[in-house]
Protein chains: 2
Amino acid sequence: MGRKRSVTISDVAAGAGVSIATASKALNGREQVRAETRARVLQVAEELGFQPNALARGLLSGRTQTAGLLTDGVDRFSLPVLLGAEDAFGAGQMSVLLCDGRGDSIREQHYIRTLLARRVDGLIVVADSTDPRPSITDDLPIPVVYAYGPSTDPADVSFVPDDVGGAGLAVNHLLTLGRRHIAHVTGPVEYLAARDRAAGMRAVLDEAGLPLAGGEVLHGAWSQRWGRQAAELLLTTVPELDAVFCGSDQIAYGVAEAAHELGRRIPDDLAVIGYDNWDVFATEARPPLTTVDMNLERLGRAAAQHLFTAIDGGAGGGVHRMPCRLVVRDSTAPRRTG
Amino acid sequence: MGRKRSVTISDVAAGAGVSIATASKALNGREQVRAETRARVLQVAEELGFQPNALARGLLSGRTQTAGLLTDGVDRFSLPVLLGAEDAFGAGQMSVLLCDGRGDSIREQHYIRTLLARRVDGLIVVADSTDPRPSITDDLPIPVVYAYGPSTDPADVSFVPDDVGGAGLAVNHLLTLGRRHIAHVTGPVEYLAARDRAAGMRAVLDEAGLPLAGGEVLHGAWSQRWGRQAAELLLTTVPELDAVFCGSDQIAYGVAEAAHELGRRIPDDLAVIGYDNWDVFATEARPPLTTVDMNLERLGRAAAQHLFTAIDGGAGGGVHRMPCRLVVRDSTAPRRTG
């Protein structure tokens, strides 16, 4: 006997007396196939020596061309990540099942069961902050990519903004403009985003041999109110202050409000930088804010593209830190000498 | 012969020599079934006098328990509508395919084809403003519900916020507090939201026999900058002004900024009301804003629940105007006499 032709799903279907589609479903464990039909198909496949792995690249591959998007709650920050992923999936002819877990573990488990029952090819978990969130990868038979916030398991694949680098861009910009007395007003220390941005700022100041104006990082709420309070404190106690780097555009908006009321000119007397490039604050502040953009839609797209690779069996693990970019507007300018 | 037992899908499947699942797919026109199999199933169904309509309520009903969510672009306003619908679908064991059309008709057509190929049971179209948007109902074999903005076809089913009523709540509140010189600062006249809110305000003022302070509705951008400009104008030209009803919280935030700078006390000298209950403006303004909440998440839930009914063959057409609610904070209080 010569070399055997490899067994195809057509052979299995013919042997079992079912259509190719039914044979495919039976082999992939779909629920739409009757138990006795499935048993017959599996028996024939075994007798013929059919290799189910051959399915993986075929037309009847068991792929549903569907991905799950599981969110921990959708807000201004996770929304662009979600939309970027949706856009990349659409371009790749994948449909997206949206599940908003809302940070509720029972709800999340319900949704994961639903997504598995629907045989999604892979899953993106969109976090609601950059803080690590529990891994669900081990429980799932499909690839999982974490976006915006990483998973707690460093072996998982995560796409997160490079906040350390983003803060570095901002402070380097201030130094280039000749600013030397730079304070930092940011959100609660419990947030990794606040700690990362503070670390990025410190690294650049340290390298320049400059102290932090005001002596310490001013942690408070992610709010205009905190920006106003912190600015009033700084402007009345640190007379040499010539720049404030803020951990969010909301905070920077509040800093600009307070500076305006205290008669300080931005950017002449005081340069102000925000973070987020959130248009309703960044472009509406007086003057419009120089700020750091985390490129969140691009981050979502990159996560989806990575998932494509992972579904095809490529792709390793690890945390991908995606670069931020500085958006320069009128709240920063060279220091006026004399 | 007695009365014939009605023909079931089991009879069709047995007659055609296929499984019930395959017979169901063939009768529902699914693409996974081979052409020759489908032809055989349809022939047997005709011979036996099988009524495919009997499928509609059965276990093998052809329902995919999947709904499409087609958005015209997702922002702070359409997002809660989308999340409300997603929540109602999840509770109803429906999965949601998310498609962000981004207001691009080619992209929208692509997504509609995809959703039909995936046999969604129904579709919710989430608009990006309350302006009517083109109807797609006639092109589709499944129920469609429009949410946030209505379709241009009044025979379609739409769920929209009752902006006329919402503005009425706000102005009635001001009248109850003894305010008599009320101005209105809002967004571009091109937006139905701006026109509806102005109409609601006018109706209440007319009924009270009061003129509009400042003489006319002040239309501008949906921005703090416009709020500041309009307030500076009003506060310097209308000395008797005692309240400003704003078409958005962003505008109201700007009005409060300008009033603060011009030394007017809110609410003692000037009552201010916003619209949207957008926390980053409403709770961060000085003082926090009384505002109108459109209950958008509830609106999205109602649209999804209506779609369930429509899928089951109930539900008529028409525009459902969903009530808004007034959220009272510190920017309004009784007028101080003397």
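Cut-offs used in this document
Residues numbered from 1 in each chain as written. Chains lettered and ligands numbered in written order. Predicted model: local features only at pLDDT ≥ 70, side-chain atom pairs only at ≥ 80, totals over all residues. Heavy atoms only, no water. Domains from an automatic or database assignment. Buried < 20%, exposed > 50% of the residue type's maximum accessible area, 1.4 Å probe, protein only. Helix = DSSP H or I, 4+ residues; strand = E, 2+ residues; numbered from the N terminus. Pairing = 2+ DSSP bridges. Right-handed = clockwise from strand over helix to strand, strands pointing away. Core = buried A, V, L, I, M, F, W, Y, C linked by side-chain atoms within 4.5 Å. Contact = heavy atoms within 4.5 Å. Buried area = accessible area lost by both parts, 1.4 Å probe. Salt bridge = Lys/Arg side-chain N within 4 Å of Asp/Glu carboxyl O. Polar contact = N/O pair within 3.5 Å; in protein donor to acceptor, adjacent residues only side chain to side chain. Nonpolar A, V, L, I, M, F, W, Y, C, P; charged D, E, K, R; others polar. Least-squares fit on C-alpha atoms with pLDDT ≥ 70 in both. pLDDT = per-residue confidence, 0-100.

Novice: Is there a simple way to explain the domain arrangement of chain A in this structure?
Specialist: When the parts of a complex come together, some accessible area is lost, and that lost area is often used as the size of the interface. According to the domain assignment, chain A consists of domain 1 (9–61), domain 2 (66–161 + 296–322) and domain 3 (163–294). Between the C-alpha centres of domain 1 of chain A and domain 3 of chain A the distance comes to 62 Å.

Novice: Just checking my understanding: could you explain the pairing of strand β6 (residues 182–186) of chain B for this structure?
Specialist: On a regular strand, each side chain points to the face opposite its neighbour's, so the side chains alternate between the two faces of the sheet. Residue and element names in this part refer to chain B. The element β6 is largely enclosed, with a buried count of 5 among its 5 residues. On β6, burial covers both faces: Ile182, His184 and Thr186 on one face and Ala183 and Val185 on the other are all buried. For β6 and strand β8 (residues 243–246), the ladder comprises 4 bridges, and the chain directions are parallel. The residue bridging Val185 from the neighbouring strand is Cys246, located in β8. Strand direction decides the pairing type here: β6 and strand β7 (residues 218–219), joined by 2 bridges, are parallel. Bridge assignment links Thr186 to a residue of β7, and that residue is His219. The handedness of the β6 to β7 crossover, carried by helix α7 (residues 192–208), is right-handed.

Novice: Looking at this model, I keep getting lost on the nonpolar core. Mind explaining?
Specialist: As a rule of thumb, nonpolar side chains are buried together in soluble globular proteins. In terms of nonpolar packing, the biggest core is built from 98 residues, with A:Phe89, A:Ile124, A:Phe245, B:Phe89, B:Ile124 and B:Phe245 touching the most fellow members. In this structure, A:Ala213, B:Ala231, B:Leu270 and B:Ala282 belong to the second largest nonpolar core, which totals 58 residues.

Novice: What is the right way to read the interface of chain B and chain A from this model?
Specialist: At the junction of the two partners, chain B supplies 50 residues and chain A supplies 51 residues. Summing both sides of the interface, chain B and chain A together bury roughly 4100 Å²; the carbon and sulfur share of this comes to 43%. Among the residues chain B hides against chain A, the three largest losses belong to B:Leu98, B:Glu284 and B:Arg286. Together they make up 14% of the total. The interface formed by chain B and chain A holds 12 salt bridges in total. A salt bridge links B:Glu261 to A:Arg286, with the shortest nitrogen-to-oxygen separation between them at 2.6 Å. On inspection of chain B and its partner chain A, the count reaches 43 residue pairs in polar contact (both at pLDDT 80 or more). Those elements that place two or more of their residues in the side of chain B that touches chain A are α2 (20–27), α4 (78–91), β2 (95–100), α5 (105–117), α8 (224–237), α9 (249–261) and α10 (279–282) of chain B. Counting residues per element, the side of chain B that touches chain A draws most heavily on α4(B), which supplies 7 residues. Residues that form the side of chain B that touches chain A fall into these classes: 17 nonpolar, 17 polar and 16 charged.

Novice: Quick question: what am I supposed to make of the environment of B:Pro134 here?
Specialist: Residue and element names in this part refer to chain B. Position of Pro134 among the secondary structure elements: in the loop between β3 (122–126) and β4 (144–147). We classify Pro134 as exposed; its relative accessible area is 56%. Not counting the four nearest positions on each side in its chain, Pro134 is found in contact with Tyr146 and Thr152.

Novice: What is the right way to look at the relation of the copies chain B and chain A in this model?
Specialist: Related by rotation about an axis and a shift along that axis, the two copies of the chain form a pair. For the pair chain B and chain A, the best superposition has an RMSD of 0.2 Å and corresponds to a rotation of 180 degrees with a translation of 0.1 Å parallel to the axis. On the angle and the small slide along the axis, the relation comes out as a two-fold axis. Ranked by how close their C-alpha atoms come to the rotation axis, the residues of chain B are headed by B:Leu97, at 2.2 Å. Interface overlap between copies is the fraction of interface residues in one copy that are interface residues in the other; for chain B against chain A it reaches 98%, indicating a shared surface.

Novice: Would you mind showing me how to read the sheet that holds β8(B) here?
Specialist: Think of a sheet as strands paired side by side through backbone hydrogen bonds, with each pair either parallel or antiparallel. A sheet is described by the order of its strands in space; here 4 strands give the open sequence β7-β6-β8-β9 (chain B), paired in parallel fashion. Looking at which strands have only one partner, the edges of the open sheet turn out to be β7 and β9 (271–273) of chain B.

Novice: Quick question: what am I supposed to make of the pattern of salt bridges here?
Specialist: On inspection of all chains with the given rule, the structure shows 36 salt bridges over all chains. One salt bridge in this structure joins B:Glu297 and B:Arg301, with 3.0 Å as the shortest N-O distance. With B:Glu297 and B:Arg301 both in helix α11 (residues 296–311) and 4 residues apart, the pair spans about one turn of that helix. For B:Glu297, a relative accessible area of 26% gives the class partly exposed. B:Arg301 sits in the partly exposed class, given a relative accessible area of 27%. One salt-bridge network, held together by shared partners, links A:Glu86, A:Asp87, A:Glu297, A:Arg301, B:Asp100, B:Arg102 and B:Arg107.

Novice: Would you mind showing me how to read the confidence of the model for chain A here?
Specialist: For residues with low pLDDT, the predicted coordinates do not support detailed interpretation. With 93% of its residues at a pLDDT of 70 or more, chain A shows a mean pLDDT of 90. Taken over the whole predicted complex, pTM reads 0.83, whereas the ipTM for its chain interfaces reads 0.82.

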